[in-house]
Amino acid sequence: MPFVDKGHRITIHQLRIYEIFEHNKAAFHARFRDHAARIMRTRYDFRIVAMWESRFGERTEFVYVLEWPDEAAKTAGWAAFMADAEWAEIKRVTHAEHGLMVGQIEDRQLAPVGYSPAWGRSLLPTM
């Protein structure tokens, strides 16, 4: 269900955090950039808002944010992507060549607070 505030509908944002490994980090980024992101965007209407690499203690992370029109689109998009035959084959081949490329995965749905600029409200003081 979309977030609604006083009749304004807001899209769903999803935060994904993947633990990645230094020894095959370049291969992970190539796989995500050249294959996962392409399949997500062109076949399943994923809207990738931004991507980052992060360090958390000793852990290297790949972090990205997705935007969805509603919960149904998010659920359908992920189900279709995870069942994609090309993606399954790419994962199989890259795993055989580079080993495990992703450790722990965190998945969070972000709900805007009432004073968020996501609702079209500025946090800047009015004059």
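How each quantity is defined
Residues numbered from 1 in each chain as written. Predicted model: local features only at pLDDT ≥ 70, side-chain atom pairs only at ≥ 80, totals over all residues. Heavy atoms only, no water. Buried < 20%, exposed > 50% of the residue type's maximum accessible area, 1.4 Å probe, protein only. Helix = DSSP H or I, 4+ residues; strand = E, 2+ residues; numbered from the N terminus. Pairing = 2+ DSSP bridges. Phe/Tyr/Trp six-rings, centres within 6.5 Å; stacked < 30°, edge-to-face > 60°. Lys NZ or Arg CZ within 6 Å of the ring centre and 35° of its normal. Core = buried A, V, L, I, M, F, W, Y, C linked by side-chain atoms within 4.5 Å. Contact = heavy atoms within 4.5 Å. Axes fitted to C-alpha atoms, helices over the stretch in contact; angles between N-to-C directions. Parallel < 35°, antiparallel > 145°, perpendicular 65-115°, else oblique.

## Some remarks on the pairing of strand β3 (residues 12-20)
On a regular strand, one side chain projects to one face of the sheet and the next to the other, so that they alternate.
Logical step 1: Counting buried residues along β3, seven of its nine residues qualify, which places the element largely inside the surrounding structure.
Logical step 2: Sheet topology note: the β3/strand β5 (residues 59-68) ladder contains nine bridges and is antiparallel. Bridging across to β5, leucine 15 finds its partner in valine 65.
Logical step 3: Bridging between β3 and strand β6 (residues 105-110) involves six bridges; their strand directions are antiparallel. What sits directly across from histidine 13, in β6, is leucine 110.

## Concerning the packing of aromatic side chains
Logical step 1: Following the criterion strictly, the structure yields 13 aromatic pairs and no others.
Logical step 2: Above the plane of the ring of tryptophan 78 lies arginine 16, whose end atom (NZ or CZ) is 4.1 Å from the centre.

## Observations regarding the nonpolar core
Logical step 1: Counting residues in each nonpolar core, the largest one holds 23 residues, and the members touching the most others are Tyr18, Phe32, Trp78 and Phe81.
Logical step 2: Elements represented by at least two residues in this core include exactly β3, α1 (25-44), β5, α2 (71-82) and α3 (85-98).
Logical step 3: Sorting elements by how many residues they give to this core places α1 first, with eight residues.
Logical step 4: What phenylalanine 32 contacts, discounting residues up to four positions off in sequence, is Tyr18, Ala37, Met40, Met51, Phe62 and Tyr64.

## A look at the environment of glutamate 22
Logical step 1: If you trace the backbone, glutamate 22 turns up in the loop between β3 and α1.
Logical step 2: On the basis of relative accessible area, glutamate 22 is assigned to the partly exposed category, the value being 47%.
Logical step 3: With 37 residues separating them in the primary sequence, glutamate 22 and arginine 59 have C-alpha atoms 9.0 Å apart.

## Thoughts on the packing of α1 against α3
Logical step 1: Where α1 contacts α3, the two axes come as close as 11 Å, and the packing angle between them is 175 degrees. As summarised for this structure, α1 and α3 are arranged roughly antiparallel, according to the angle between their axes. Judged by residue contacts, Ala27, Arg31, His35, Ala36, Arg38, Ile39 and Arg43 of α1 engage Glu86, Trp87, Ile90, Lys91, Thr94 and His98 from α3.

## A word on unusual backbone geometry
For residues that are not glycine, phi is negative in most cases, and the peptide bond is trans in most cases.
Logical step 1: Despite not being glycine, aspartate 45 has its phi angle at roughly 60 degrees, a positive value.
Logical step 2: Note on placement: aspartate 45 falls in the loop between α1 and β4 (47-56).

## Points about the pairing of β5
Logical step 1: Most of β5 sits out of view: nine of its 10 residues are buried.
Logical step 2: Pairing of β4 with β5 involves nine bridges; the strand directions are antiparallel. Opposite phenylalanine 56, over in β5, you have arginine 59 as the bridge partner.
Logical step 3: Here β4 folds back onto β5 in antiparallel fashion, the turn holding two residues, of which glycine 57 has a positive phi close to 65 degrees.

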